[in-house]
Amino acid sequence: MEKKTGTLSLEAVDLHCVRGERKLFGALTFTLRGGELLRIGGANGSGKTSLLRIACGLLEPTRGEVRWAGENIRRLQEEFWRQLVYVGHANAIKDDLTTGENLHVACTLAGVPRRPAQIGEALRRLGLAGCENLPARVLSQGQRRRTALARLALSEGMPLWILDEPFAALDAAAVDCVQNLIAEHLARGAAVVLTTHLETRITAATTRRIDLGAS
Amino acid sequence: MLAALRCVIARDLRLAARRSSDVLTVVLFFVIVVSLFPLGIGPEPQLLRTVAPGVLWVAALLASMLALGRVFAADHADGTLEQMMLGATPLGLVVAAKIFAHWLVSGLPLVLISPVLALQFDVPRELLGVVVLSFALGTPVLSLIGAIGAALTLGLRGAGALLSLLVLPLYVPVLIIGAGAAEAAASGLGGNAQLLLLGALLIFAGAFAPWAAAVALRISVE
Amino acid sequence: MSINWFKYSSPQTFFPLAGKLALGFGTLALVACAVGLYLGFFVAPTDAQQGESYRIIFIHVPAAWMSMFLYVVMAFWAGMGLAFNTRLSGMMASAIAPTGALFTFIALWTGSFWGKPTWGTWWVWDARLTSELILLFLYFGFMALQAAIDDPRRADKAGAVLALVGVVNVPIIYFSVKWWNTLHQGASVNLTKAPSMAATMLAGMLIMAFGFWFYSIAAVLLRARCIMLERERASDWAAQYARTAA
């Protein structure tokens, strides 16, 4: 990935979000550049997940727009998504496929097919060595979460990571591992957006913080 | 991009193979429904020969609708559908690939079994070709149109019954033309006109339905 | 004179206008229907072949016209809402559906009344009646889908996709059913051909058609007002209206 920290920017312009009858947040604006980490905090139900989904393009804001490198992501569509990794609450893993097959499908759909050796290496990094040929059904919750996060180890080329509670259901060692992955990626000049309740020790050039439901 | 589409089809086929009971249920349903009709209307051969194409087509419609619950629902539940929406390939193409895999698993078996069941109704051998061909052209259209309905009702309560209500009116032209093909062939007119129309419907549906289903999926996932 | 088209595109400004228009069109509808029914049932001559029973066409045919017309209008507004993301368009589409379904039902019911004395059966698988039946299912499907979705925005958009897919299918359905019917032609059923039109008969039908059209506009606008109040109840103008109107 070429270091294009200059042009890399995720901008939220005047975002409003109304879900059902509740107004979750309004007039939200931020800019995120390469090498920066954006932490979104807030109580449960304050709209953190909705904000992340709006940033991905899965949810349409009631008002406002999200821009990537200056252009509205609704117009960029695949061009934007090719540069994005989103790990949401759901693990996006099929129970009937092995962890290796799951990761293979995930990477191919994201546009960067990986060889089995690389997939094995990513699983090993997340502490899942030897689980390659196990169906996801037999894994524990924590192992499944780690399989989902193993995608990150295969996504050095994606300049934007959006992670929703990445540390949920992980033990201390895995939390460390994921934090290292994120820190390495930030050092490469990428941008990361995440929500978490944990106090993280991720070093970044700049850490921004948005707390929803605070006003 | 082709690699991604091949990957999607292979994935869906692999999943269907590992959960083969779902697939077999649809085929068994088709066979059972067709077999129930003679029990309901009497075994008189002339009557059965006349109603055979209609019965086969109605049963195929119902079996297709039953199978629609499998197109998007499972992927929606575990989050893989959202990942497909955030992928590098346009969602319309991914949906087309999924529908194709779905047809291979739920529609093609119906096509292959149809001549056997038609023989049960004493349909003359010359007509079997028309029956199979009408199924081969018509069942993909059923999968394509049904996918739009499945995408619209994703995650809703009572999705099954609602899906039937949405999709059956849209299935009517396929039923009329599909059943009409065998009847026309039986009356000596030849089923070519109907088969060509089915082909046209297939091309039309193949061009627009995946895109409409993709739009519906994005709406349903919001 | 440049018309500011967008002035009335927000529920707040459209609400009072809708009320006034509904009143106006409702009155016109009453007048038109009264004149049309009088022409149809008292003035138009008795038909040589069908006697008095043909008079049902003064209700049946305009109702059938409205059922199809309203479906297209509904699909139009739904499409507008989907394309331009306007709330009011979606509300209009939702408001039209029940009236459209009503006219479809009236067309079916009166068609069946026509069938009984003319062909001896209550239901006849004529191309028009069969297509109307499927159109009724299309309306029901639209309403059921919107009822099943809690979030109004998702309901509007999903209904729009369904309405647009349906509107593309309506000609296909109609032609396939017509073809099926002519292929399987038994007795020469011909509900489509009204008795050769005397001028008064044609006038009566057209006036009834206008009457139904004005009624539809009035009913749809009134229903749209209810939908607007319901959806926007959190906003100031709606709360204000609720206070003053109570």
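Here the structure is a predicted model, which means the values were calculated and not measured.

Draft legend 1. Seen up close, the overall build of chain C. Looking only at helices and strands, one finds seven helices and zero strands in chain C. Reading chain C from its N end, one meets helices and strands in the order α-α-α-α-α-α-α. Counting only residues that meet the buried cut, chain C has 42% of its 246 residues in that class. The long-range share in chain C, meaning contacts at least 24 apart out of those at least 6 apart in sequence, stands at 80%.

Draft legend 2. Molecular detail of the overall build of chain A. Within chain A, the regular secondary structure consists of seven helices and nine strands. Dimensions of chain A along its principal axes, counting C-alpha atoms only, are 50 × 35 × 30 Å. Here chain A holds 215 residues, and the buried ones make up 44% of them. If you take every contact in chain A between residues at least 6 apart in sequence, the share linking residues at least 24 apart comes to 72%.

Draft legend 3. Broad picture of the interface of chain B and chain C. In this assembly, 22 residues from chain B lie in contact with 22 residues from chain C. Sorting the residues of the side of chain B that touches chain C by element identifies helix 8 (125–152), helix 9 (159–186) and helix 10 (192–221) of chain B as the ones contributing at least two each. Broken down by element, the residue count for the side of chain B that touches chain C peaks at eleven residues, all from helix 9 of chain B. Partitioning the side of chain B that touches chain C into residue classes produces 17 nonpolar, three polar and two charged.

Draft legend 4. Structural detail: the interface of chain A and chain B. Each side of the interface is counted separately: chain A has 24 residues, and chain B has 22 residues. Elements represented by at least two residues in the side of chain A that touches chain B include exactly helix 3 (78–81), strand 6 (84–87) and helix 4 (99–109) of chain A. Class assignment of the residues belonging to the side of chain A that touches chain B gives a composition of 15 nonpolar, four polar and five charged.

Draft legend 5. Main features of the domain arrangement of chain A. All names here are of chain A. Per the domain assignment, the segments making up chain A are domain 1 (1–83 + 158–215) and domain 2 (97–157). Domain 1 and domain 2 are separated by 23 Å when their C-alpha centres are compared. For the side of domain 1 that touches domain 2, the element with the most residues is helix 7 (residues 172–187), which contributes six residues. Looking at side-chain class alone, the side of domain 1 that touches domain 2 contains twelve nonpolar, one polar and three charged residues.

Draft legend 6. Fine view of helix 1 (residues 11–43) of chain C. For helix 1 of chain C, the complete set of buried residues consists of Pro11, Phe14, Phe15, Ala18, Phe25, Ala29, Ala32, Gly36, Leu39 and Gly40 of chain C. If you follow the buried residues of helix 1 of chain C, they end up packed against helix 2 (57–84), helix 3 (87–119) and helix 6 (199–231) of chain C.

Draft legend 7. Molecular detail of helix 8 of chain B. With 28 residues, helix 8 of chain B extends 41 Å between its outermost C-alpha atoms, agreeing within 8% with the 40 Å of an ideal straight helix rising 1.5 Å per residue. In terms of burial, helix 8 of chain B is largely enclosed, as 22 of its 28 residues are buried.

Draft legend 8. Quick peek at the confidence of the model for chain C. Scored by pLDDT, chain C comes out at a mean of 84, with 90% of its residues at no less than 70. The complex prediction reports pTM at 0.90, with the ipTM value standing at 0.89.

Draft legend 9. Region of the structure containing the packing of helix 6 (residues 91–106) of chain B against helix 10 of chain B. Residues and elements named next belong to chain B. Between helix 6 and helix 10, whose axes approach to 8 Å, the crossing angle comes to 110 degrees. Put simply, helix 6 runs roughly perpendicular to helix 10. Crossing of helix 6 over helix 10 shows right-handed handedness. Seen from helix 6, the contacting residues are Leu91, Gly92, Val95, Ala96 and Ile99; seen from helix 10, they are Pro210, Trp211, Ala213, Ala214 and Leu217. When its residues are assigned to classes, the contact of helix 6 with helix 10 shows nine nonpolar, one polar and no charged.

Draft legend 10. Fine view of the environment of Val72 of chain C. Looking at the secondary structure, you find Val72 of chain C in helix 2. Linking Val72 of chain C and Val170 of chain C, residues 98 residues apart in sequence, is a C-alpha distance of 9.4 Å.

Draft legend 11. Seen up close, the sheet that holds strand 6 of chain A. Residue and element names in this part refer to chain A. Taking strand neighbours across the sheet as the criterion, the five strands line up as 6-7-8-3-9 in an open arrangement whose pairing is parallel. Of all strands in the sheet, those with a lone pairing partner are strand 6 and strand 9 (206–212), marking the two edges. Across the sheet, the axes of successive neighbouring strands diverge by a mean angle of 10 degrees, strand direction being ignored. The pairing of strand 3 (residues 36–42) with strand 8 (residues 191–195) spans four bridges and is classified as parallel. Across the sheet, residue Leu38 finds its bridge partner in strand 8, namely Val193.

Draft legend 12. Representation of the confidence of the model for chain A in the model. Residue and element names in this part refer to chain A. This prediction gives chain A a mean pLDDT of 87; 96% of its residues lie at or above 70. Looking at the elements of chain A, mean pLDDT is at its lowest for strand 9, recorded as 83, and at its highest for strand 6, recorded as 94. Between residues 1–5, whose pLDDT stays under 50, and residues either more than four places distant or in other chains, the model counts nine contacts.

Draft legend 13. Region of the structure containing the sheet that holds strand 4 (residues 63–68) of chain A. Residue and element names in this part refer to chain A. On the basis of which strands lie adjacent, the open sheet formed by four strands has the order 2-1-4-5 and antiparallel pairing. With one partner strand each, in any of the chains shown, strand 2 (22–33) and strand 5 (71–72) form the two edges of the open sheet. Against the sheet, helix 1 (residues 48–56) makes contact with strand 1 (9–19), strand 2 and strand 4, and its axis sits at roughly 130 degrees relative to strand 1, the strand it touches most.

Draft legend 14. Representation of the packing of helix 1 of chain C against helix 6 of chain C within the structure. Residues and elements named next belong to chain C. At their nearest, the axes of helix 1 and helix 6 sit 6 Å apart, and the two run at 155 degrees to each other. Between helix 1 and helix 6, the interaxial angle falls into the category roughly antiparallel. Helix 6 is crossed by helix 1, and the crossing has left-handed handedness.

Draft legend 15. View of the environment of Ala18 of chain C. Residues and elements named next belong to chain C. Tracing the sequence through the fold places Ala18 in helix 1. For Ala18, a count of 24 C-beta atoms within 10 Å translates into the label buried. A sequence separation of 206 residues divides Ala18 from Ala224, and the C-alpha atoms of the two residues are 8.2 Å apart.

Thresholds applied
- Residues numbered from 1 in each chain as written.
- Chains lettered and ligands numbered in written order.
- Predicted model: local features only at pLDDT ≥ 70, side-chain atom pairs only at ≥ 80, totals over all residues.
- Helix = DSSP H or I, 4+ residues; strand = E, 2+ residues; numbered from the N terminus.
- Buried ≥ 20, exposed ≤ 12 C-beta atoms within 10 Å, placed from the backbone.
- Contact = placed C-beta atoms within 7 Å.
- Nonpolar A, V, L, I, M, F, W, Y, C, P; charged D, E, K, R; others polar.
- Domains from an automatic or database assignment.
- Expected span 1.5 Å × (residues − 1).
- pLDDT = per-residue confidence, 0-100.
- Axes fitted to C-alpha atoms, helices over the stretch in contact; angles between N-to-C directions.
- Parallel < 35°, antiparallel > 145°, perpendicular 65-115°, else oblique.
- Left-handed = near helix turned anticlockwise from the far one by under 90°.
- Pairing = 2+ DSSP bridges.

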